[in-house]
Amino acid sequence: MSLSYYQALLQLWVLSSLRTLFTYVHRLYSLAASSTPTQTPPPLRWEPEPDAPIDTEKPYNHDRYLDAETGAFPSKPLPHLPQPFYVFEEILALVNGPLPALSLGEDKSEEAISRRPFGEKWRAKVRAQPTLDLSPLKDDIPTLQRAHAVLAWLVHFYVHSTPPPPNKEIVVPASIARPLVQVSQWLKIAPVLTYADTVLWNFELEDEEKPFTANNMTFTTLFNMSNEASRDESEFYRCCAWIEQRGFDCTKLITSLVEDLECPPLSNDLDKADYHELIADHLRGLAPVVHDLTDILMSVKNSCRPNAFYSSIRPWYRGSDTEGEGLRWVYEGVEDCGSLELSGPSAGQTSTFHVLDALLGVQHNDKSRPFMERMLQYMPSEQRALLRHLQHTSHYIRELVAESDQVRAGYNAVLDAMAKFRTDHLQVAVRYVVSPKDKCPITGLSGAMSQGGCPAQQRKSRGTGGNELSTMLKGSRDSTRSMRV
């Protein structure tokens, strides 16, 4: 073969090598430019924008704030995060699968201790991640909601898999703390795991051709995906989803009621009597739906075991202000962490009963009002806007109660149904929180077990939202009863 043939081969090899090298260098540069900061970013201050004013000139309608078909749920499952933010999805997947992964840091059982090396490696991986700026997602609400959910789950996995430190302080690394706070400011929601993250933003449809119902949902992230409490946790979320969906029926009925409230009669007594009958009819239709919510709530005992909830699910929910030992969470790279709302998820964060309270003018007493008001900060901002508009529109329903026996009977029927729900909610709390605490030590499950065999949060029966449970629930029930006319 001639020399020119070998020269041509060499030239082709050099060009191919240069092309490969250029592609490799370009990828490294792109990765560095998109995900690796050149320097440590300055501390992030928690400064969420205030909620926008409500345009009360427009008539109240839930469609302005919720999806017309699915209510508080997004119309379809949220999309996964795009690159370069998909790394958060990958890190979450490492602990959200069928293989044994993390255990609670306070669990001293042999099984839990055997998982500690994996837990430390996983947390080291979290700490080693660069601190990403999520600004490219700012105008994409569904993706922001997914980012909040993924990051909030990561924070709770990180905190609660860490053995309790002697200084009573847990540092949440900037790699997840800072982007969570950033996203939370844009969504105007607390930078911690919320009810929305565990229920509303945590599902896929088993069959997209079937109706959008709780029975057609798979809950994609669980704290107990790899153990026997996975079914209990999934069914707990399903019960919440059923309440949410039946609660949306309440919301739609309330919209119809408010539309008629805004059109009172202008003239004679006959028109006024018909108007009273119309409002009373709306209220009579609302009470059975509230009773359905109670039935759904009580059905949880058929699918979620109290001990499983108390020892393997509930401990993961705890926020910074629900720690029995006063454990302080420090969000690395965030200024003034003490001002952050870090209570964790709670049923008080669903809008359903806030909506009913707003319609009927329920004034919570000192035992329940601080909690109910604080939970608004853990609620998606669209639902807060709905409540504010409803509060502005429906304040004069009690004036009609004083004018008409029919309206009064319908109004009291809804209040009685709400009081029944809150009474039964108290019974559920006793069954799932107070009784397991009193029966400690718990046997059969290793989750949340301290060296003495009891969950560390046993000292007080506190709700997952940071409240003293029985006191708040009794206050909520009593406030509802006190509004009866």
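Residues numbered from 1 in each chain as written. Predicted model: local features only at pLDDT ≥ 70, side-chain atom pairs only at ≥ 80, totals over all residues. Heavy atoms only, no water.

K.L.:
What should I look at first to understand the overall build of the protein chain in this one?
P.N.:
Across its full length, the protein chain carries 15 helices and four strands. A buried classification covers 53% of the 485 residues belonging to the protein chain. Pairs at least 24 apart in sequence give 80% of the contacts found in the protein chain among residues at least 6 apart. (Helix = DSSP H or I, 4+ residues; strand = E, 2+ residues; numbered from the N terminus. Buried < 20%, exposed > 50% of the residue type's maximum accessible area, 1.4 Å probe, protein only. Contact = heavy atoms within 4.5 Å.)

K.L.:
Got a minute to help me understand helix α2 (residues 86-93) in this structure?
P.N.:
Think of an α-helix as 3.6 residues a turn; residues three or four steps apart then line up on the same face. Residues of α2 that are buried: V87, F88, E89, I91 and L92. Elements in contact with the buried residues of α2: α3 (110-128), α4 (141-161) and α5 (174-187).

K.L.:
Would you mind going over the side chain of S303 with me for this structure?
P.N.:
Residue placement: S303 occurs in the loop between α8 (269-298) and α9 (306-317). In this structure S303 touches R231, D232 and E235, once residues within four positions along its chain are discounted.

K.L.:
Looking at this structure, how should I read the pattern of salt bridges?
P.N.:
Should the charged atoms of two oppositely charged side chains come close, the side chains can pair. For the structure on display, the rule yields 24 salt bridges. D357 is the salt-bridge partner of R422, the closest N and O atoms lying 2.9 Å from each other. Linking R422 in helix α14 (residues 405-438) with D357 in helix α10 (residues 352-360), this pair joins segments that are 65 residues apart in sequence. A salt bridge links D416 to R484; the shortest N-O distance between them is 2.8 Å. Of this pair, D416 sits in helix α14 while R484 sits in the segment after α15 (469-482), placing them 68 residues apart in sequence. The network of salt bridges with common partners includes R246, D249, K252 and D292. (Salt bridge = Lys/Arg side-chain N within 4 Å of Asp/Glu carboxyl O.)

K.L.:
Where do I start with the packing of α10 against helix α12 (residues 381-393) in this structure?
P.N.:
Two quantities define a packed helix pair, namely the angle between the axes and the distance from one axis to the other. In contact at an axis separation of 8 Å, α10 and α12 are set at 15° when each is read in the N-to-C sense. When the axes of α10 and α12 are compared, the pair comes out roughly parallel. Pair α10 / α12 crosses with right-handed handedness. Touching H354, V355, A358 and L359 of α10 are L386, L387, L390 and Q391, all from α12. Of the residues that constitute the contact of α10 with α12, the class distribution is six nonpolar, two polar and no charged. (Axes fitted to C-alpha atoms, helices over the stretch in contact; angles between N-to-C directions. Parallel < 35°, antiparallel > 145°, perpendicular 65-115°, else oblique. Left-handed = near helix turned anticlockwise from the far one by under 90°. Nonpolar A, V, L, I, M, F, W, Y, C, P; charged D, E, K, R; others polar.)

K.L.:
Teacher, can you tell me more about the nonpolar core here?
P.N.:
Within the largest apolar cluster, 132 residues are counted, with the highest numbers of intra-cluster contacts made by F88 and Y331. Every residue in contact with Y331, bar those within four places of it in the chain, is listed here: V155, V172, A177, L180, V181, P191, V192, C337, L340 and L342. (Core = buried A, V, L, I, M, F, W, Y, C linked by side-chain atoms within 4.5 Å.)

K.L.:
It is not clear to me how the confidence of the model for the protein chain should be interpreted in this structure. Could you clarify?
P.N.:
In the predicted model, the protein chain carries a mean pLDDT of 86, and the fraction of residues at 70 or more is 83%. Note that residues 20-38 has pLDDT below 50 and, in this model, eight contacts with residues that lie over four places away or in other chains. When the criterion is pLDDT under 50, residues 441-459 qualifies, and its contacts beyond four places in sequence or with other chains add up to 51 contacts. (pLDDT = per-residue confidence, 0-100.)

K.L.:
Where do I start with α4 in this structure?
P.N.:
Its 21 residues place the ends of α4 30 Å apart at the C-alpha level, agreeing with the 30 Å of an ideal helix rising 1.5 Å per residue. The element α4 is largely enclosed, with a buried count of 19 among its 21 residues. (Expected span 1.5 Å × (residues − 1).)

K.L.:
Would you take a moment to explain unusual backbone geometry for this structure?
P.N.:
As a rule of thumb, non-glycine residues mostly have phi less than zero, and peptide bonds are mostly trans rather than cis. Residue P84 is reached from Q83 by a cis peptide bond, and omega for that bond is 0°. Within the chain, K188 stands out as a residue other than glycine whose phi angle is a positive 60°. Structurally, K188 can be placed in the loop between α5 and α6 (195-200). Not every positive phi belongs to a glycine, and D336 is a case in point at roughly 50°. Structurally, the position occupied by D336 is in the loop between β4 (328-331) and α10.

K.L.:
Explanation requested: the packing of aromatic side chains in the structure shown.
P.N.:
Any aromatic ring pair is given by two values, namely how distant the centres are and how the planes are angled relative to each other. Per the counting criterion, the structure on display carries 15 aromatic pairs. Among the aromatic residues, ring-to-ring pairing joins W122, W153, F157, F223, W316 and Y317 into one connected group. (Phe/Tyr/Trp six-rings, centres within 6.5 Å; stacked < 30°, edge-to-face > 60°.)

K.L.:
How do you make sense of the side chain of T143 when you look at a structure like this?
P.N.:
Within the secondary structure layout, T143 lies in helix α4. Only 2.7 Å separates the side chain of T143 from the side chain of D140, close enough to count as a polar contact. Residues in contact with T143, not counting those within four places in the same chain, are P79, L81, P82 and L137. (Polar contact = N/O pair within 3.5 Å; in protein donor to acceptor, adjacent residues only side chain to side chain.)

K.L.:
I would appreciate a short explanation of the packing of helix α7 (residues 230-261) against α9 in the present structure.
P.N.:
Running from N to C, α7 and α9 point in directions that differ by 70°, and their axes come no closer than 10 Å. Put simply, α7 runs roughly perpendicular to α9. The chirality of how α7 crosses α9 is right-handed. Together, D232, E233, F236 and Y237 of α7 and A308, F309, I313 and Y317 of α9 make up the contact between the two elements. A class-by-class count of the residues in the contact of α7 with α9 yields six nonpolar, no polar and two charged.

K.L.:
How do you make sense of the pairing of strand β1 (residues 169-172) when you look at a structure like this?
P.N.:
Regular strands show a simple pattern: their side chains alternate between the two faces of the sheet. Of the two faces of β1, the one lined by I170 and V172 is fully buried and the one lined by E169 and V171 carries no buried residue. The sheet contact formed by β1 and β4 spans four bridges and is parallel. Each bridged residue has a counterpart across the sheet, and for I170 the counterpart in β4 is W329. (Pairing = 2+ DSSP bridges.)

K.L.:
Can you help me understand the environment of E169 in this one?
P.N.:
Mapped onto the fold, E169 is located in strand β1. Placed 161 residues apart in sequence, E169 and V330 show a C-alpha to C-alpha distance of 7.0 Å. If near-sequence neighbours (up to four positions away) are discounted, E169 is found in contact with L327, R328 and V330.

K.L.:
For this particular structure, what's the right way to read the environment of Q383?
P.N.:
Following the sequence through the fold, Q383 ends up in helix α12. As for Q383 and V355, which are separated by 28 residues in sequence, their C-alpha atoms are 9.2 Å apart. Filtering out sequence-adjacent residues up to four positions away, Q383 remains in contact with L66, A72, L200 and S351.

K.L.:
When you look at the state of the cysteines in this model, what are you seeing that I'm missing?
P.N.:
In protein chemistry, a disulfide is the covalent bond that joins the sulfur atoms of two cysteines. Per the counting criterion, the structure on display carries zero disulfides. No disulfide involves C239; its nearest neighbouring cysteine sulfur is the one of C240, lying 5.8 Å away. In this structure C240 comes out as buried when scored by relative accessible area, which is 13%. (Disulfide = S-S within 2.5 Å.)

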